[in-house]
Amino acid sequence: MGGSGGYIRLVSQSENSGAGIGAACAGSPNHLCSSTHRNGLIAVVRHQTMKRKTDSENGSAKRNHVDKPAEYTSSEIKEFFNQKLWDEKFQSQLESQVSSSQPYRWGTITDLMDPQLLKNVRNEVLSEIAFTKKETDIYKVFQSGDLANLSGLNWDDLSRLPSLYKLRAAIYSEEFRDMISGVTKCGKLSGLKTDMSINTYNKGCHLLTHDDVIGSRRLSFILYLPEPGKKWKPSYGGALRLFPAVVPNVPHTDYSAKLVPQFNQIAFFTVQPGLSFHDVEEVREDRQRLSIQGWFHIPQPGEPGYVKGEQEATEARSTLQQLQSKELQEYDFPKPVRNDFSPLEVETLLEKKTLSADETEYLSKFLNVEYLKPGNLERLQTTFLDESIVELTNIFNAEYAKVLHRSLRHTELETDTPQTSKDIQFPWKCAVPPHKQRYMYIDGTSTLDMSEKGVKFANAIGPSEAPNFSVTSQAHQLSDTDRKLCEISSFIKSRAFRKWLVQVTGLVPTSDQVLARRFRPGHDFILATTTEKDLARENELNLLLEATFNLTPTAANSKTWASGEFGGYELCMHNDDEQDEDDPAIYRGGNDDSSVLYTGQCQWNTLCLMLRDPTVLKFVKYVSVNAKGSRWDISCQWNVQGEEEAEEEN
């Protein structure tokens, strides 16, 4: 994106007194664009160790010396666990449960450990370990450093975490590894390569759909440590949810198994590329869902079960490859397909530089007349060409906006929000797959059957259907809100609006895609993605012109969404770091938020126009279940010619 990375907020003088066209607006909030990264475990323990040393030198503190324990014997390791684990009958029953589990091989054990040991672990964690809030497009969580780093600390540090040290030794012991390997039939597990961290899911925390396929992971586990002695209720959220695969690499939109976590319970599953999809449901209430998350890896050199070359082969089956797989491309809806304008219409857009009286009259039925005045259009174009982005508030005229707002609020207050993909009815569809995106959308085409047979028909056999929002709006079962959104979408595809777009941006659109979208609380998001690398066709810029008509009715009160705490914001950022290219879905924040180009909170009656190049990542943050309502918008994309290039062509 060009310019300085800032943006201009344009306010209608007639509808928002006190602010004029061209008023500057601040950039994105720091709490959305950055998260301080520290190795919480080492940072806090080392800080406390240094403090103790200083206090000791000053004679102000004394503590008893604690000897480092020797390696634990097999009998000592087994004593850390519930003794039922070593019973052959229990293991046989567990193996049977895992082998018949759905949607893939997984299992759970209640009362896993000596309960007093886990209570001690919980106390140590809460008193000795620092947690850092980490928020990306895919998760929001408070996390410690990697517990594998315990190996790098001296015993003066570890003596403050004796129970945690025991727990890690127990989990990665040969005894437990052999037991869990046996019941899952996953193969031998490494005791050398440890991989654990402590996560705290507080209110609003979540982890979206993924399959855990990274590097040499073979088995995932989560050991739950919510408050002991109190039942964790389903209404609190924070459940582990498992998703079946429609076909390999493509998870179903809806989960099929759900585990509500309890103290001293472990969940585990074999990491299966393209199959082991799961998420962590958002925590709904002000409670702390503490857990230890970890992985067992394939055996390392020198360990029993080590196979030369296996790690390289395992690491090659990365999530990146799955996201680029043929299956994902086939099951990716809505597809990034823009419909071409006729050559004659493109020529017309170039020839007629000003709006006619008839065109202005038509546009004024929708748009605020301030944005139709020649002087304001010139200023808008100057700003856009300088900054590559411009934001217009009160984009629709007051009368039209009032009717639209009333209709949207009625839908939210008086109708049930669809909770599963089966609840979504025409003209709406559900964006898939859910490890990339999930939201409701209207694209002006007929119903889509998301079965394997239906997707094959839509992609390769059935008619190639062009969007027609006017026809869609005539369906008898549509609500008033559905008709209004179709009406606006048809307006955006009008020749008059395209001509207005030329006046605002100085660019000539040559194709378009228009989607009316709804992001439901507790469900919907888009993970960070770029556009296609090669956007330009003949005589076109290798850029996309994008627009978002922000139509969230609850954002009429700007304070409702301003904090960003409920998500739903749209964020654009640089993707020029080569180390991030392997996982474009991860947004790495830091104290330096210079990579963030734009953050747009949920807003009401606002249009954002931006020129986007293929290196820019964009995502819509998951909308919290505690949000006041859905995020509503209409999203548009156009391939474009620059006027100068087009004139040279002619």
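Residues numbered from 1 in each chain as written. Predicted model: local features only at pLDDT ≥ 70, side-chain atom pairs only at ≥ 80, totals over all residues. Heavy atoms only, no water.

Labelled according to an unreviewed UniProt entry, the protein appears under the name uS12 prolyl 3,4-dihydroxylase, originating from Meyerozyma guilliermondii. Under the heading Subcellular location (unreviewed entry), UniProt records this for the protein: "Nucleus". Among the UniProt annotations of the protein, the heading Sequence similarities (unreviewed entry) holds the following wording: "Belongs to the TPA1 family." (UniProt positions renumbered as here; feature names shortened; annotations may be inferred.)

Here we look at the packing of helix α15 (residues 398–414) against helix α18 (residues 480–492)
For the pair α15 and α18, the least separation of the axes is 9 Å and the interaxial angle reads 135°. Classified by the interaxial angle, the pair formed by α15 and α18 is oblique. Where α15 crosses over α18, the handedness of that crossing is left-handed. Within the contact between the two elements, α15 uses Tyr400, Val403, Leu404, Ser407, Leu408 and Thr411 and α18 uses Asp480, Thr481, Lys484, Glu487 and Ile488. Residue classes in the contact of α15 with α18 are distributed as five nonpolar, three polar and three charged. (Axes fitted to C-alpha atoms, helices over the stretch in contact; angles between N-to-C directions. Helix = DSSP H or I, 4+ residues; strand = E, 2+ residues; numbered from the N terminus. Parallel < 35°, antiparallel > 145°, perpendicular 65-115°, else oblique. Left-handed = near helix turned anticlockwise from the far one by under 90°. Contact = heavy atoms within 4.5 Å. Nonpolar A, V, L, I, M, F, W, Y, C, P; charged D, E, K, R; others polar.)

A word on helix α14 (residues 374–387)
In a regular helix each residue adds 1.5 Å, so 14 residues correspond to 20 Å; α14 covers 20 Å between its end C-alpha atoms and thus fits that length. Remark: Ser388 follows α14 within two positions and exhibits a positive phi of approximately 70°. (Expected span 1.5 Å × (residues − 1).)

Overview of the sheet that holds strand β18 (residues 437–438)
Taking strand neighbours across the sheet as the criterion, the five strands line up as β18-β21-β26-β23-β24 in an open arrangement whose pairing is antiparallel. The open sheet has two free edges, formed respectively by β18 and β24 (596–600), since each of these has just one partner strand. Bridge count between strand β23 (residues 570–574) and strand β26 (residues 616–620): five bridges; the pairing is antiparallel. From the neighbouring strand, Met573 faces β26, where its bridge partner is Leu617. (Pairing = 2+ DSSP bridges.)

Topic: the packing of aromatic side chains
If you walk through the whole model with that rule in mind, you get 24 aromatic pairs. Aromatic side chains Tyr362 and Phe491 sit 5.8 Å apart centroid to centroid with 50° between the ring planes, which places their arrangement in the tilted category. Of the two residues, Tyr362 sits in helix α13 (residues 357–364) while Phe491 sits in helix α18, which places them 129 residues apart along the sequence. We classify Tyr362 as partly exposed; its relative accessible area is 29%. Taken together, Tyr362, Phe366, Phe396, Tyr400, Phe491, Phe497, Trp500 and Phe549 form an aromatic cluster joined through their ring pairs. One Lys or Arg, Arg217, reaches over the ring of Trp295 and ends 3.6 Å from the middle of that ring. (Phe/Tyr/Trp six-rings, centres within 6.5 Å; stacked < 30°, edge-to-face > 60°. Buried < 20%, exposed > 50% of the residue type's maximum accessible area, 1.4 Å probe, protein only. Lys NZ or Arg CZ within 6 Å of the ring centre and 35° of its normal.)

A word on the nonpolar core
Counting 76 residues, the largest nonpolar core has Trp500, Leu551 and Trp638 as its most contacted members. Sequence-distant contacts of Trp500, defined by excluding residues within four places in its chain, comprise Leu355, Leu363, Leu367, Tyr371, Leu372, Leu377, Leu392, Ile395 and Leu607. Listed in part, the 43 residues of the second largest apolar core include Tyr72, Phe80, Leu85 and Val98. (Core = buried A, V, L, I, M, F, W, Y, C linked by side-chain atoms within 4.5 Å.)

Looking at the environment of Leu259
Considering the arrangement of structural elements, one finds Leu259 in strand β11 (residues 257–259). As for Leu259 and Ala239, which are separated by 20 residues in sequence, their C-alpha atoms are 5.5 Å apart. In contact with Leu259, other than residues within four places in its own chain, are Trp106, Thr108, Tyr224, Ala239, Leu240, Gln265 and Ala267.

Section: unusual backbone geometry
In most cases, non-glycine residues show a negative phi, while peptide bonds are predominantly trans. A cis amide bond links Phe426 with the next residue in sequence, Pro427, at an omega value of 15°. With respect to the helices and strands, the residue Pro427 is situated in the loop between α15 and β17 (429–430). With omega at 0°, the peptide bond leading from Val432 into Pro433 counts as cis. For Pro433, the position within the fold is in the loop between β17 and β18. For Asp212, which is not a glycine, the phi torsion comes out positive at approximately 70°. Take Asp212: it is sitting in the loop between β6 (206–210) and β7 (217–224). You can call Asp212 buried: its relative accessible area is 5%.

Some remarks on the side chain of Gln300
Within the element layout of this structure, Gln300 appears in the loop between β14 (289–297) and α9 (310–316). Overall, Gln300 belongs to the buried group, its relative accessible area being 15%. Residues within four places of Gln300 in sequence aside, it is in contact with Ser190, Leu192, Lys193, Ser216, Tyr306 and Gln311.

Description of the side chain of Asn639
Tracing the backbone shows Asn639 in strand β27 (residues 631–642). Relative accessible area serves as the criterion here: at 3%, Asn639 is assigned to the buried category. Not counting the four nearest positions on each side in its chain, Asn639 is found in contact with Arg338, Val508, Pro509, Thr510, Ser511, Leu535, Arg537, Glu540 and Leu544.

Observations concerning the pattern of salt bridges
All chains considered together, the criterion is met by 31 salt bridges. Put simply, Glu128 and Arg160 hold a salt bridge, and the shortest N to O gap is 3.1 Å. On the criterion of sequence distance, the pair formed by Glu128 in helix α5 (residues 115–128) and Arg160 in the loop between α6 (155–158) and α7 (162–171) is long-range, its members being 32 residues apart. Residue Glu128 is classed as buried on the basis of its relative accessible area, which comes to 12%. Residue classification places Arg160 among the partly exposed residues on the basis of a relative accessible area of 26%. Among the ionic pairs, Arg287 bridges to Glu285, the shortest N-O distance being 3.3 Å. Note on Arg287: relative accessible area 35%, which makes it partly exposed. Residues joined in a network through salt bridges with shared partners are Arg517, Glu546, Glu570, Arg612, Lys618, Arg631 and Asp633. (Salt bridge = Lys/Arg side-chain N within 4 Å of Asp/Glu carboxyl O.)

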